[in-house]
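# An overview of the molecular structure
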Amino acid sequence: KTVTYCVMDEGGRILERGKMGWEVSEWQGALDRYGRENVEVAFETGSDGYRAKGMLEGLGIEMYPFHAANFRAIWCSRKKTDRIDAERICRALKGGGLPERVKLAGKEEERLRNLVVEWELRLKSIQMQLNRVRGLARCRGVELPSWTRKKAGEWWEEVIRLFEKADQSSVKRSYRTALSELQGLEELDTELEEQIGKAGHTERVGWLRSVPGIGEVTSRAVVAYAGDGKRFRSGKKFAAYVGLTPTVDQTGVQAVRIGHISRQGPASLRRLFIQAAQAATRTKSFSRTRWNKWFYRLQARRGRKIAIVALAKKLSEVCYAILRDGKEWSEERLWPMAP
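The sections below set out a description of the structure shown in this document. (Residues numbered from 1 in each chain as written. Predicted model: local features only at pLDDT ≥ 70, side-chain atom pairs only at ≥ 80, totals over all residues. Heavy atoms only, no water.)

Looking now at the pairing of strand E2 (residues 14-20). Consecutive side chains of a regular strand alternate in pointing toward one face of the sheet and then the other. Relative to E2, strand E1 (residues 3-8) runs antiparallel, the two being bridged by six bridges. Across the sheet, residue Thr 4 finds its bridge partner in E2, namely Lys 19. What sits between E1 and E2 in their antiparallel hairpin is a turn of five residues, with Gly 12 showing a positive phi close to 90°. (Pairing = 2+ DSSP bridges. Helix = DSSP H or I, 4+ residues; strand = E, 2+ residues; numbered from the N terminus.)

Structure representation (structure tokens):
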């Protein structure tokens, strides 16, 4: 409801600090006291970060959004209040000590991202209902037919008939929930296509869907978060943005220790790349590449989970290359095996 702020001059002297609401008049008054052309505002990203971006853009103010998790002065501090954090951000902005500047999405991209997240949540809800019915089927010794989304209504009707009357009411409740989510997905399909067209990503989605394991949902999510890919300097930078790069721990002369993935960035996109990696291992095009042998060697040495995450990272780098080059995927991108 309120914003805690701190104003500092170039010499490091605090000019003003306090709290204010989200009224435009309050922000205008605070900025006009110091001259808008001389002001730069740093703030943490998050749900309120988009609101702050819209407010500052309307007022013509230079912005410096950043991820708070990358700012150790705040993240690792034992004494943490909004007042103290605002002063630390101010001093870091003056001294050039803030983390890398983050590019916040525009309204069209933000809407597209929200639609992609909603799509994923609805799919997860449908999967939960399917898992519930499958669990009940295992308990009752009922063999279920294969699920397909295109024939979902027929599948549920057949499944209901397979159970005894005492269990049918429970299956029907799952069916009603899944049916509602499926109807929502159909509406989302239309809205997503329109939003992707408005953002100019229709062709890019087609390019990405040519990659092994990258399907309809993942391709849309990639363009929602990466756009044309130009804001990333390399595929490794995009993989780091998704949170698929491992952390590194090294102190003094100790050996470098490679830890877990950073898990920074959009969690929904990271989950989709993991699912895409699992799907890719089952495709024929993947089996013809050098990555196939690399994957199974890594799986034998480190386990399937680590191998899947490593493959997801490589897929994210390939997706970046496709957006950068404006071409469909080809097997040569995965170093095809010599005959």
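From this point, things continue past the structure.
Attention shifts here to the pairing of strand E4 (residues 62-66). Extensive coverage of E4 is indicated by the burial of four of its five residues. One ladder, built from five bridges, connects strand E3 (residues 40-44) with E4; its direction is parallel. Bridge pairing in E4 links Phe 43 to Pro 65. In this view, the connection linking E3 to its parallel neighbour E4 by way of helix H2 (residues 47-59) has right-handed handedness. (Buried < 20%, exposed > 50% of the residue type's maximum accessible area, 1.4 Å probe, protein only. Right-handed = clockwise from strand over helix to strand, strands pointing away.)

Close approach of charged atoms allows side chains of opposite charge to pair. For the structure on display, the rule yields 17 salt bridges. The partner of Glu 87 in a salt bridge is Arg 17, with the nearest N and O atoms 2.9 Å apart. Within this pair, whereas Glu 87 is found in helix H4 (residues 82-95), its partner Arg 17 is found in strand E2, the two being separated by 70 residues in sequence. A relative accessible area of 22% places Glu 87 in the partly exposed class. A salt bridge links Lys 313 to Glu 317; the shortest N-O distance between them is 2.8 Å. With Lys 313 and Glu 317 both in helix H14 (residues 304-325) and four residues apart, this pair spans about one turn of that helix. Residues participating in the shared-partner salt-bridge network are Arg 149, Asp 189, Glu 193, Glu 216 and Arg 220. (Salt bridge = Lys/Arg side-chain N within 4 Å of Asp/Glu carboxyl O.)

What follows concerns a negative patch on the surface. A contiguous patch of negative charge on the surface is contributed by Glu 186, Glu 187, Glu 191 and Glu 194. Following the sequence through the fold, Glu 191 ends up in helix H7 (residues 165-199). Judged by its relative accessible area of 42%, Glu 191 is partly exposed. (Patch = residues over 30% accessible without salt bridge, like charges linked within 9 Å, V, L, I, M, F, W, Y side chains within 5 Å. Areas by Shrake-Rupley, 256 points an atom, 1.4 Å probe, with all protein chains shown as cover. Lys, Arg positive; Asp, Glu negative; His and termini not counted. Charge placed at Lys NZ, Arg CZ, Asp CG, Glu CD.)

This brings us to the nonpolar core. Counting residues in hydrophobic clusters, the biggest one holds 63 residues, and the most contacted among them are Val 222, Phe 238, Phe 273 and Leu 315. The residues touching Phe 238, leaving out its near neighbours within four places in the chain, are Val 222, Ala 226, Phe 232, Leu 269, Phe 273, Ser 316 and Tyr 320. Counting 17 residues, the second-largest nonpolar core is a separate cluster that includes Ala 52, Met 55, Leu 59 and Met 63. (Core = buried A, V, L, I, M, F, W, Y, C linked by side-chain atoms within 4.5 Å. Contact = heavy atoms within 4.5 Å.)

So, about the packing of helix H5 (residues 107-140) against helix H9 (residues 216-226). Look at H5 against H9: their axes get within 9 Å of each other, and the N-to-C directions meet at 150°. What the angle tells us is that H5 and H9 run roughly antiparallel. In the crossing of H5 with H9, the sense of the turn from one axis to the other is left-handed. Here H5 contributes Glu 109, Leu 112, Arg 113, Val 116, Val 117, Trp 119 and Leu 123 to the contact with H9, which in turn contributes Val 217, Arg 220, Ala 221, Ala 224 and Tyr 225. (Axes fitted to C-alpha atoms, helices over the stretch in contact; angles between N-to-C directions. Parallel < 35°, antiparallel > 145°, perpendicular 65-115°, else oblique. Left-handed = near helix turned anticlockwise from the far one by under 90°.)

Attention shifts here to the packing of aromatic side chains. Within the structure shown, the criterion is met by 12 aromatic pairs. Between Phe 66 and Phe 71, the ring centres sit 5.7 Å apart and the planes meet at 85°, which makes this aromatic pair edge-to-face. Both rings, one in Phe 286 and one in Phe 295, keep their centres 6.3 Å apart while their planes meet at 80°; by these two values the pair is edge-to-face. Assigned by exposure class, Phe 286 and Phe 295 land together as buried. A network of ring pairs unites the aromatic residues Trp 147, Trp 155, Trp 156 and Tyr 175 as a single cluster. The residue whose ring lies beneath Arg 231 is Tyr 241, and the NZ or CZ to ring-centre distance is 5.0 Å. We note Lys 314 situated over the ring of Trp 294; from NZ or CZ to the ring centre the distance is 4.9 Å. (Phe/Tyr/Trp six-rings, centres within 6.5 Å; stacked < 30°, edge-to-face > 60°. Lys NZ or Arg CZ within 6 Å of the ring centre and 35° of its normal.)

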